[in-house]
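Summary of the model geometry
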Amino acid sequence: GISIIQWIALARLWRILLHERITKARFYLNLVVLNKKEVVKAGVQKKTGLENRGLGRLAGALANRLVTDEKFSAGLGKRLEEMIPKRMADEHGISAEATCEFKRGNLVVML
């Protein structure tokens, strides 16, 4: 039969394996940006202080032509890489990492 010491060793091994599996848990976060034009326009208008004027609308339209979906997604991915771990730690006490794995058009995939 199996002795008590062997059972304890098996239990510890099981616990170590479970802990390793849990700490290596990973998932993908898929983001599809649906309102890029509104976000860019609002950002430009806020920075220039021309929120409700015709010049502000013109600046927003020009910025949307200059900021492609790819540029916007790349910037969003960089900000999320910094923001997700910080917010997880501050709000929930969770140690996390986030990396932007894929971006194309209005799709951003975080790991």
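On a predicted model such as this, the values are computed, not experimentally measured, just so you know.

Looking at the environment of Asn106
Counting through the fold element by element, Asn106 comes out in the loop between strand E2 (100–104) and strand E3 (107–110). It is 5.5 Å that separates the C-alpha atoms of Asn106 and Asp69, two residues lying 37 residues apart in sequence. Apart from residues lying up to four places away in sequence, Asn106 is in contact with Leu31, Val32, Val33, Asp69 and Ser73.

Here's the deal with helix H4 (residues 69–92)
With 24 residues, H4 should cover 34 Å at 1.5 Å per step; its first-to-last C-alpha distance of 32 Å lies within 8% of that length. Approximately 30° is the largest bend angle found in H4, and it occurs at Leu80. If you check which residues of H4 are buried, you get Phe72, Ser73, Leu76, Gly77, Leu80 and Pro85. The inward-facing, buried residues of H4 contact strand E1 (29–32), helix H2 (36–48), E2 and E3.

A word on the nonpolar core
Within the largest apolar cluster, eleven residues are counted, these being Val33, Val40, Val44, Ala63, Phe72, Leu76, Leu80, Ala98, Cys100, Val108 and Met110. Secondary structure elements with two or more residues in this core: H2, H4 and E3. Residue contributions to this core peak at three residues, all from H4. Apart from the residues lying within four places of it in its own chain, the contact partners of Val40 are Ala63, Asn64, Val67 and Phe72.

Rules of the game
Residues numbered from 1 in each chain as written. Predicted model: local features only at pLDDT ≥ 70, side-chain atom pairs only at ≥ 80, totals over all residues. Heavy atoms only, no water. Helix = DSSP H or I, 4+ residues; strand = E, 2+ residues; numbered from the N terminus. Contact = heavy atoms within 4.5 Å. Expected span 1.5 Å × (residues − 1). Bend = angle between axes of the 7 residues up to and from the residue. Buried < 20%, exposed > 50% of the residue type's maximum accessible area, 1.4 Å probe, protein only. Core = buried A, V, L, I, M, F, W, Y, C linked by side-chain atoms within 4.5 Å.

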